[in-house]
Amino acid sequence: MKISGNFIRITITLVIMTIPLLIHNTLAGIIPEPVKMENRRGNFRVQGNIELSVPLEHPELVAHGEYLKEYLERIPGVSVTVKRFTEGQSLPDQGILFTLDPAMDKPEGYILEVSSRRIQITGNDAAGVFYGMQSLRQLLPAETEDPIKAAALSRVRVSGVYVEDYPLFSYRGMHLDVARHFFDVEFIKKYLDLMALHKMNTFHWHLTEDQGWRIEIKKYPLLTEIGAWRKETLIGHGSRPPFEFDGQPYGGFYTQDEIREVVAYAAVRHITVIPEIEMPGHATAALAAYPELGCTGGPYEVETRWGVFEDAFCAGDDYTFEFLENVLSEVVELFPSQYIHIGGDECLKNRWEECPKCQERIREEGLADEDELQSYFIRRIEKFLLSKGRNIIGWDEILEGGLAPEATVMSWRGVSGGIEAARMGHDVIMTPVSHCYLDYYQADPATEPLAIGGYLTLRQVYTFNPVPPELNQEEAKHILGGQGNVWTEYIKTTDHLEYMAYPRAIALAEVLWSPRAKQDFESFQKRLQKHFQRLDVIGVNYYK
Ligand code: ACM
Ligand code: ZN
């Protein structure tokens, strides 16, 4: 056989033309790394009129179709028609197709298949379809993240791929303290958007503190009229006197309408919002509003410094429980989450020791000491929330004096509280300071903005395994997942907040989603470098 020079030239040209496509494909990383991802032949051109077919039987997917449509229509010349089809009919063989297959039996799981004719996302459930969309989003050019930048795009293609994916843990959380510093609804939505991009599914909203009460409660208007405002704020670390203050009144709160808006916004993104109402400690703002809630009766002021303070809700006075139950009754109306976080951390017992009512409660209930009084407090609140069909989460201090029967423990002072709770058959969320405190320094403090302390690098976050080796298989089932915590004593601005949270939150997202065998820091870093382009377009002030 004679091979012509022309044939060789054409072959070489074709091979060279294919190289960029192959390179694009190998670089097409998704974060978190999927369970399985294979390149496939062909690529899907995102152009002209695209039909996006959604099964008629699953109207919840229509909202997801609209979400993707809005995104794709940023690309010039693209228009997407969301069409409903009946599952009995043969599947549309072109365009974009969403289907559900609960038989997949992987909650939140999905299969994403891209070929030259069709993009198909099959979800175990609606969350799975949503996460398939997030993976697809990461396969599109970063410019699609911004309508103005996307207007310059042309010839957008998605390389052929087969992705099979589901999460390692069911609880993949991000926490935000909006009490030490307040962040408005617009920013909360951006925070939720970033969580969704990385397949995080739980937002732990820390709403009350010594330094501010941030949620409107209709029955107790002073909580926000008085409790949401402090007269000034400490400058610097100020661990000892003399203290220096900025002299600026500071505060803010969310109205119930705003809370509902955030909860609904999160729900579309398959994010559950868990509110935290702190008790019995970290309650000074509430005491400032209603001094009769404290052991001494006050007067109290909303705190202007950081730390742990002696005043707490009085555990001896029934008025405290009446108040908290009324507050929680409004809270459960606003938040459909199964869990309500009741805090429980860092409650000093000095006031209780000196309070006749608290001491009377200890005698009356046959309690051994103030630790058992705290346990009494939490159990009583748990009982109330159980009557509303909800469960409590508390920080690991709720183990002290005896754990409430149905409580889930959030282990933060290391993992030992979590281990103890799991061994007792309680569910656990791991958020140890060693891996999950995103308010800690991420680099040399000398070169970083002032932070609370600690040292937690991206690499260290990436080594996080919520399941401690001490637990056997049965106990390990109680570890629901993990969470990044963002405490904001030293974080005043949204830029600074993003700088502390990102990219460490992305490392957490990957270790909570991807199979352990697929977790590889070098691979993560490579994908992250590319992913930064997307964060740039979105406008995230991440740490580089
Ligand atoms: C905590 O960091 N005090 C839960
Ligand atoms: Zn008391």
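Going by the structure above, here's the rest.
Report on the accompanying structure.

Rules used throughout
Residues numbered from 1 in each chain as written. Chains lettered and ligands numbered in written order. Predicted model: local features only at pLDDT ≥ 70, side-chain atom pairs only at ≥ 80, totals over all residues. Heavy atoms only, no water. Helix = DSSP H or I, 4+ residues; strand = E, 2+ residues; numbered from the N terminus. Rg over C-alpha atoms; globule rule 2.2 N^0.38 Å. Buried < 20%, exposed > 50% of the residue type's maximum accessible area, 1.4 Å probe, protein only. Contact = heavy atoms within 4.5 Å. Areas by Shrake-Rupley, 256 points an atom, 1.4 Å probe, with all protein chains shown as cover. Lys, Arg positive; Asp, Glu negative; His and termini not counted. Charge placed at Lys NZ, Arg CZ, Asp CG, Glu CD. Disulfide = S-S within 2.5 Å. Donors = N, O, S within 2.8 Å, 3.2 Å for Na, K, Ca; no water. Tetrahedral: all angles 85-135°; square planar, octahedral: opposite > 155°, others 65-115°. Pairing = 2+ DSSP bridges. Axes fitted to C-alpha atoms, helices over the stretch in contact; angles between N-to-C directions. Salt bridge = Lys/Arg side-chain N within 4 Å of Asp/Glu carboxyl O. Phe/Tyr/Trp six-rings, centres within 6.5 Å; stacked < 30°, edge-to-face > 60°. Expected span 1.5 Å × (residues − 1). Parallel < 35°, antiparallel > 145°, perpendicular 65-115°, else oblique. Nonpolar A, V, L, I, M, F, W, Y, C, P; charged D, E, K, R; others polar.

Some points on the overall build of the protein chain
Link 1 in the chain: A count of helices and strands for the protein chain gives 19 helices and 19 strands.
Link 2 in the chain: The C-alpha radius of gyration of the protein chain comes to 26 Å, within 12% of the 24 Å expected for a compact globule of 544 residues.
Link 3 in the chain: In terms of overall dimensions, the protein chain has C-alpha extents of about 105 × 55 × 45 Å along its principal axes.
Link 4 in the chain: For the protein chain, with 544 residues in total, the buried portion stands at 57%.
Link 5 in the chain: Considering only contacts in the protein chain between residues 6 or more positions apart, those separated by 24 or more positions represent 72%.
Link 6 in the chain: Summing over all exposed atoms, the protein chain offers an accessible surface of approximately 22400 Å²; the carbon and sulfur share of this is 53%.
Link 7 in the chain: Across the protein chain, 54 positive and 78 negative side-chain charges occur, with their mean positions spaced 10 Å apart.

Here we look at the environment of Lys 106
Link 1 in the chain: Looking at the element boundaries, Lys 106 is found in the loop between strand 4 (95-100) and strand 5 (110-114).
Link 2 in the chain: The class for Lys 106 is partly exposed, based on a relative accessible area of 33%.
Link 3 in the chain: Setting aside anything within four residues of it in sequence, one finds Lys 106 in contact with Asn 124 and Tyr 166.

A look at the state of the cysteines
Link 1 in the chain: Scanning the entire structure with this criterion turns up 0 disulfides.
Link 2 in the chain: Not part of a disulfide, Cys 347 finds its nearest cysteine sulfur in Cys 295, a span of 9.0 Å.
Link 3 in the chain: On the basis of relative accessibility, which here comes to 8%, the residue Cys 347 falls in the buried class.

Re the coordination of the zinc ion (ligand 2)
Link 1 in the chain: Coordination of the zinc ion (ligand 2) by the protein comes from Cys 295 (SG), Cys 314 (SG), Cys 355 (SG) and Cys 358 (SG), over a distance range of 2.3 to 2.4 Å.
Link 2 in the chain: Of note is the zinc ion (ligand 2), whose 4 donor atoms meet at the metal with angles of 106 to 114° in an arrangement that counts as tetrahedral.
Link 3 in the chain: Along the chain, the residues donating to the zinc ion (ligand 2) are arranged with the sequence spacing C-x18-C-x40-C-x2-C. Residue Cys 314 is found in the loop between helix 8 (284-289) and helix 9 (318-334), and its partner Cys 358 is found in helix 11 (residues 356-364); the two are separated by 44 residues along the sequence. Residue Cys 314 shares its accessibility class with Cys 358, and that shared class is buried.

Observations regarding the sheet that holds strand 7 (residues 156-165)
Where strands meet in a sheet, backbone hydrogen bonds hold them as pairs that are either parallel or antiparallel.
Link 1 in the chain: One open sheet accounts for 7 strands, arranged 1-7-5-6-4-2-3; its pairing is mixed. Two strands in the sheet have a free side with no partner beyond their single neighbour: strand 1 (36-46) and strand 3 (79-85). When strand polarity is set aside, the average angle formed by the axes of neighbouring strands in this sheet is 20°.
Link 2 in the chain: Summarising the sheet, strand 5 and strand 7 pair through 5 bridges and their orientation is antiparallel. What sits directly across from Tyr 110, in strand 7, is Asp 165.
Link 3 in the chain: Packed onto the sheet, helix 3 (residues 126-139) meets strand 1, strand 4, strand 5, strand 6 (118-123) and strand 7 and runs at close to 40° relative to strand 5.

Let's talk about the pattern of salt bridges
A side chain with one charge can pair with a side chain of the opposite charge if their charged atoms come near.
Link 1 in the chain: Inspection of every chain in the model, using the stated rule, returns 33 salt bridges.
Link 2 in the chain: Across the pair Lys 218 and Glu 216 runs a salt bridge whose closest N-O atoms are separated by 3.4 Å.
Link 3 in the chain: On the basis of relative accessible area, Lys 218 is assigned to the exposed category, the value being 51%.
Link 4 in the chain: Glu 216 gets classed as buried once you look at its relative accessible area, which sits at 18%.

What about the packing of aromatic side chains?
Link 1 in the chain: Throughout the structure, instances matching the rule amount to 28 aromatic pairs.
Link 2 in the chain: Both rings, one in Tyr 220 and one in Tyr 290, keep their centres 5.4 Å apart while their planes meet at 75°; by these two values the pair is edge-to-face. Residue Tyr 220 is found in the loop between strand 11 (212-213) and helix 6 (222-225), and its partner Tyr 290 is found in the loop between helix 8 and helix 9; the two are separated by 70 residues along the sequence.
Link 3 in the chain: Classification of Tyr 220 as buried rests on a relative accessible area of 7%.

Considerations on helix 5 (residues 185-197)
Link 1 in the chain: The end-to-end C-alpha distance of helix 5 is 18 Å, a good match for the 18 Å that 13 residues give at a rise of 1.5 Å each.
Link 2 in the chain: Most of helix 5 is tucked away: 10 of the 13 residues are buried.
Link 3 in the chain: Of the residues making up helix 5, those classed as buried are Val 185, Phe 187, Ile 188, Lys 189, Tyr 191, Leu 192, Leu 194, Met 195, Ala 196 and Leu 197.
Link 4 in the chain: Of the residues flanking the end of helix 5, it is Lys 199, one or two places downstream, whose phi is positive at about 65°.

Quick look at the packing of helix 2 (residues 60-72) against helix 3
Link 1 in the chain: With their axes 10 Å apart at the nearest point, helix 2 and helix 3 run at an angle of 10° to one another. In terms of axis orientation, helix 2 runs roughly parallel to helix 3. Residues Glu 60, Leu 61, His 64, Tyr 67, Leu 68 and Tyr 71 of helix 2 form the contact with helix 3, whose own contacting residues are Ala 126, Val 129, Phe 130, Met 133, Gln 134, Leu 136 and Arg 137.
Link 2 in the chain: Taken together, the residues of the contact of helix 2 with helix 3 break down into 9 nonpolar, 2 polar and 2 charged.

Considering helix 17 (residues 494-501)
Link 1 in the chain: The buried fraction of helix 17 is high, at 6 of 8 residues.
Link 2 in the chain: Regarding helix 17, the residues found buried are His 496, Leu 497, Glu 498, Tyr 499, Met 500 and Ala 501.
Link 3 in the chain: Considering only its buried residues, helix 17 is in contact with strand 8 (171-177), helix 5 and helix 18 (504-513).

Quick notes on the sheet that holds strand 19 (residues 479-484)
Link 1 in the chain: Taken in spatial order, the 8 strands of this closed barrel run 8-9-14-15-16-17-18-19, and their pairing is parallel. Neighbour-to-neighbour, the strand axes of this sheet turn through a mean angle of 30°, independent of strand direction.
Link 2 in the chain: The pairing of strand 18 (residues 428-430) with strand 19 spans 3 bridges and is classified as parallel. Looking at the pairing, Val 428 lines up with Ile 479 of strand 19.
Link 3 in the chain: Set on the sheet, helix 9 makes contact with strand 14 (272-279) and strand 15 (339-343); between it and strand 14 the angle comes to about 170°.

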